[in-house]
Amino acid sequence: MTTPNPALTTVPAPTASRTRWTELDSPVGPLLLTADPATGALASLSVPGQKGGRTVQDGWRRDPALFRAAEEQLAAYFAGELKEFRLELRTAGSEFRERVWAALDSVPYGATTTYGEIAARIGASRAAVRAVGGAIGANPLLIVRPCHRVIGADGSLTGYAGGLERKMRLLTLEGRL
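If you're wondering where the values come from, they're calculated on a predicted model, not measured in any experiment. (Residues numbered from 1 in each chain as written. Predicted model: local features only at pLDDT ≥ 70, side-chain atom pairs only at ≥ 80, totals over all residues. Heavy atoms only, no water.)

Asks: Can you walk me through helix 2 (residues 95-105) in this structure?
Replies: Note on helix geometry: an α-helix contains 3.6 residues per turn, so any two residues three or four positions apart are oriented the same way. Every buried residue of helix 2 is accounted for by Val 100, Trp 101, Ala 103 and Leu 104. Down the axis of helix 2, the sector holding all buried residues measures 155 degrees, keeping them to one side. Elements in contact with the buried residues of helix 2: helix 3 (115-121), helix 4 (129-137) and strand 6 (150-151). (Buried < 20%, exposed > 50% of the residue type's maximum accessible area, 1.4 Å probe, protein only. Helix = DSSP H or I, 4+ residues; strand = E, 2+ residues; numbered from the N terminus. Arc of directions from axis to C-beta. Contact = heavy atoms within 4.5 Å.)

Here it is in structure tokens:
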């Protein structure tokens with residue numbers, strides 16, 4: 001029987017490579033923030049009950065200090081003092097979703113746009129509006145990536161993974177409602 005060579009033994013990844021997270025209180029309820037394990041960039045911002053939202057998993061490490069800039073900017077946003085987030089973001093989606101999410105980033109504070117306008121911004125056909133809606137609904141960065149600013153073609157407040165009540169509160173905060 002041979003003894004394993006300790007130099008060839010697999011060592012578990014360091015704790016720092018696991019997903020790090022924190023939870024913040026906000027006027028729209030608790031916010032769960034996660035960071036990309038490799039870069040520490042903000043990877044998601046979820047709310048309870050969010051369709052497709054994240055929940056804390058075993059092995060994740062709570063690390064409030066990593067999210068200090070996000071916490072400060074979110075507090076300033078909710079106080080009406082910040083109109084544009086300046087955070088390092090890291091999301092993973094298909095090329096189509098990434099294009100849709102980039103288009104969301106260009107919708108200014110206090111403005112709204114429609115699903116059809118987002119489709120046009122990314123060069124998608126009018127028939128792609130449903131796919132655009134799906135990509136917007138899968139946005140992992142609520143509030144920071146302003147999917148709440150997307151409304152129906154008729155001006156109605158349609159669809160929001162965080163719930164229509166939160167969408168109304170965010171648009172009210174931004175002076176749109």
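Back to the text.
Asks: Sorry, what's going on with the UniProt feature "active site" (unreviewed entry) in the protein here?
Replies: What UniProt calls "active site" (unreviewed entry) maps, in this numbering, to Cys 147. With respect to the helices, strands and loops of the structure, Cys 147 is situated in the loop between helix 4 and strand 6. Excluding residues within four positions of it along the chain, Cys 147 makes contact with Leu 104, Ile 136, Asn 139, Leu 142, Tyr 160 and Lys 167. (UniProt positions renumbered as here; feature names shortened; annotations may be inferred.)

Asks: I would appreciate a short explanation of the environment of Thr 39 in the present structure.
Replies: Position of Thr 39 among the secondary structure elements: in the loop between strand 2 (31-35) and strand 3 (42-46). When the C-alpha atoms of Thr 39 and Glu 88 are compared, they prove to be 9.3 Å apart, with 49 residues separating the residues in sequence. In this structure Thr 39 touches Glu 88 and Arg 90, once residues within four positions along its chain are discounted. In this structure the side chain of Thr 39 is engaged in a polar contact, spanning 3.1 Å, whose partner is the backbone nitrogen of Ala 41. (Polar contact = N/O pair within 3.5 Å; in protein donor to acceptor, adjacent residues only side chain to side chain.)

Asks: Looking at this structure, how should I read the pairing of strand 3?
Replies: On any regular strand, side chains alternate: one points to one face of the sheet, the next to the other face. In terms of burial, strand 3 is a largely internal element, five of the five residues being buried. Pairing analysis gives four bridges linking strand 2 to strand 3, with the strands arranged antiparallel. The residue bridging Thr 34 from the neighbouring strand is Ser 44, located in strand 3. Counting the residues in the hairpin turn of strand 2 and strand 3 gives six residues, including Gly 40, whose phi is positive at 80 degrees. (Pairing = 2+ DSSP bridges.)

Asks: What is the right way to look at unusual backbone geometry in this model?
Replies: The bulk of non-glycine residues show a negative phi, and the bulk of peptide bonds are trans. The phi torsion at Ile 143 lies on the positive side, around 70 degrees, for a residue other than glycine. With respect to the helices, strands and loops of the structure, Ile 143 is situated in the loop between helix 4 and strand 6.

Asks: What is the right way to read the sheet that holds strand 2 from this model?
Replies: In a beta sheet, neighbouring strands are held together by backbone hydrogen bonds and run either parallel or antiparallel to one another. Taken in spatial order, the four strands of this open sheet run 3-2-1-4, and their pairing is mixed. Where the open sheet ends on each side, the last strands, each with one partner, are strand 3 and strand 4 (61-62). Judged from the five bridges that link them, strand 1 (residues 20-24) and strand 2 form a sheet pairing that is antiparallel. Counterpart to Trp 21 in the pairing with strand 2 is Thr 34. Along the sheet, helix 1 (residues 68-78) contacts strand 1, strand 2 and strand 3; its crossing angle with strand 2, the most-contacted strand, is approximately 145 degrees. (Axes fitted to C-alpha atoms, helices over the stretch in contact; angles between N-to-C directions.)

Asks: Quick question: what am I supposed to make of the layout of surface pockets here?
Replies: Rolled over the atoms, a probe sized like a water molecule indicates the empty space that remains. The computed volume of the largest pocket comes to approximately 280 Å³. Looking at the largest pocket, it is lined by 19 residues, and the ones nearest its centre are Lys 51, Ile 136, Gly 137, Ala 138 and Ala 161. Of all the secondary structure elements, the ones that give two or more residues to the lining of the largest pocket are strand 3 and helix 4. Broken down by class, the residue content of the lining of the largest pocket amounts to eight nonpolar, nine polar and two charged. In this structure, the second largest pocket spans a volume of roughly 240 Å³. Of the residues assigned to the lining of the second largest pocket, the class counts are nine nonpolar, one polar and four charged. (1 Å grid on protein atoms, 1.4 Å probe; cavity = no way out; pocket = protein on both sides within 12 Å on 5 of 7 lines; lining within 4 Å. Points joined across faces, edges and corners; volume = space filled by probe spheres on them. Nonpolar A, V, L, I, M, F, W, Y, C, P; charged D, E, K, R; others polar.)

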